[in-house]
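Per-entry structural report
So you can see what is in the structure, the chains are spelled out below.
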Amino acid sequence: MPPNADPQTREHLIRQTARAPAVALRHRAAEAARRGRRQLTMLVPALAGLLVAYAYRNQLFGVDKPVRIGVAAVLILLGWAVARNVGRLVQPRLDQRLEPGTAGILGFVVQLTTLATAAMVSLRLAGLQPGALAAGAGFTAIVLGLATQQTFGNVFAGVVLLSARPFRVGDRVRFAGFGMDVEGTVAAHGLLHVTLYDGDDQVMIPNNTVLSMSARPIHEPDAVDMRARLPLTVDPEAVQQRVDDALSVSTKGPPHVALEELNGDDVIVRVRATPQRSDDGGRLARDVLQAVAGFRSGE
């Protein structure tokens, strides 16, 4: 931090650094949205080709019923992929307008609605009327049969998790069960998986497994997670030593300094530390900023 910075600027920098974990989650959601956009550009032509094949099935294949069933089956698979990528695409916008827990629920609802729409369209293309299925006893057997399958079981488990809400997006949670002990920050609640981030590591747990595991939300202080651009000549070990010496508060384990990227004549260094108490978050952010700023000013 520049030594001549005015108090308002200094306080702004400290708050921005203390909010870095939430910023990191939004950054990851933005990256997932970009991947979803690329995949949707490939899925849309595939859907268009599928509908053309359905419309001209008699001219192209000379048969009707087998093509209907085949198109319906492929549409279910494509609809699943479209639902997942639509959810990725809208998640950053939801995160900007809503708090993380509500945004996570709406993102799941968007995916589920898209998948249900694709399923209904598939039934119509196959020549089956959803109303007739719902009126018959066979519909119940179909639903129960799908629910016993692993894939659709995850969807049903996801709905149960959203209704019970044992945790929310943005919470740090420890899951235990089935011989596993997994801990991380909940980043997304998808149709099939709950996605956690533990630092830079991504952990994906199936919804039905999460439903059967014990979930313990961990209300610990937010970590200071900062990326800094430093001269190429800076030694990462020197940064680690400077940060260690600058800390005036107790932390949960030693601070972690990692070299992330080489950018021309500069390097990108990431510093992460978690205070023992929430009240010390601002002081910890100040200590880290001052330690790193010393390398930028040549001290």
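Above this text you will find the structure in question.
Let us look at the structure shown here. (Residues numbered from 1 in each chain as written. Predicted model: local features only at pLDDT ≥ 70, side-chain atom pairs only at ≥ 80, totals over all residues. Heavy atoms only, no water.)

1. Concerning the overall build of the chain
We apply this condition: Counting from the N terminus, the helices are the DSSP runs of H or I reaching at least four residues and the strands are the DSSP runs of E reaching at least two. Values of accessible area rely on a 1.4 Å probe in the Shrake-Rupley scheme; residue burial ignores everything except the protein chains shown.
Looking only at helices and strands, the chain has 11 helices and eight strands in total. By element, 57% of the accessible surface of the chain is carried by carbon and sulfur atoms, the whole surface being about 16700 Å².

2. Remarks on the sheet that holds strand β7 (residues 256–263)
Filter applied, for reference: Note on pairing: two strands pair once DSSP finds at least 2 bridges between them. An axis is simply a line fitted to the C-alpha atoms; with a helix, the fit covers only the stretch in contact. Between two such axes, the angle follows the N-to-C directions and lies from 0 to 180 degrees. Any two residues whose heavy atoms approach within 4.5 Å at even a single point are treated as in contact.
Taken in spatial order, the three strands of this open sheet run β6-β8-β7, and their pairing is antiparallel. Where the open sheet ends on each side, the last strands, each with one partner, are β6 (224–231) and β7. Sheet twist, expressed as the mean angle between neighbouring strand axes with direction ignored, is 25°. Strand direction decides the pairing type here: β7 and strand β8 (residues 266–273), joined by seven bridges, are antiparallel. Note that in β8 the partner of E261 across the bridge is I268. Its contacts with the sheet put helix α10 (residues 236–246) on β6, β7 and β8, and the angle it makes with β7 is roughly 140°.

3. Considerations on the nonpolar core
To keep things clear, this is the line we draw: For the purposes of this section, nonpolar cores are sets of buried Ala, Val, Leu, Ile, Met, Phe, Trp, Tyr and Cys residues that join through side-chain atoms within 4.5 Å. In this scheme, a residue with accessible area under 20% of its type's maximum is buried, one over 50% is exposed, and one in between is partly exposed, where area comes from a 1.4 Å probe on protein chains only.
Formed by 21 residues in total, the largest nonpolar core has its most connected members in L230, V239, V269, V271, L284, V288 and V292. Of all the elements in the fold, those that place two or more residues in this core are β6, α10, β8 and α11 (281–296). Per-element tally for this core: the top contributor is α11, with seven residues. When near neighbours in sequence (up to four residues on either side) are disregarded, V271 contacts V224, D225, M226, V243, H256, V257, V288 and V292.

4. Here's the deal with empty space enclosed by the protein
Put simply, the test is: Computed over the protein atoms alone on a 1 Å grid, cavities are sets of points where a 1.4 Å probe fits but cannot get out and pockets are open sets with protein on both sides within 12 Å along at least five of seven lines; a residue lines them when it has an atom within 4 Å of a point. Grid points are joined across faces, edges and corners, and a volume is the space filled by probe spheres set on the points. Residues are sorted three ways: Asp, Glu, Lys and Arg are charged, Ala, Val, Leu, Ile, Met, Phe, Trp, Tyr, Cys and Pro are nonpolar, and all the rest, Gly among them, are polar.
Under the definition given, this model contains one cavity of 30 Å³ or more. L162, F167, R168, V169 and H189 are the residues nearest the centre of the largest cavity, which is lined by 11 residues in total. Secondary-structure elements contributing two or more residues to the lining of the largest cavity are α5 (100–125), α8 (150–164) and β2 (180–189). Looking at side-chain class alone, the lining of the largest cavity contains six nonpolar, three polar and two charged residues.

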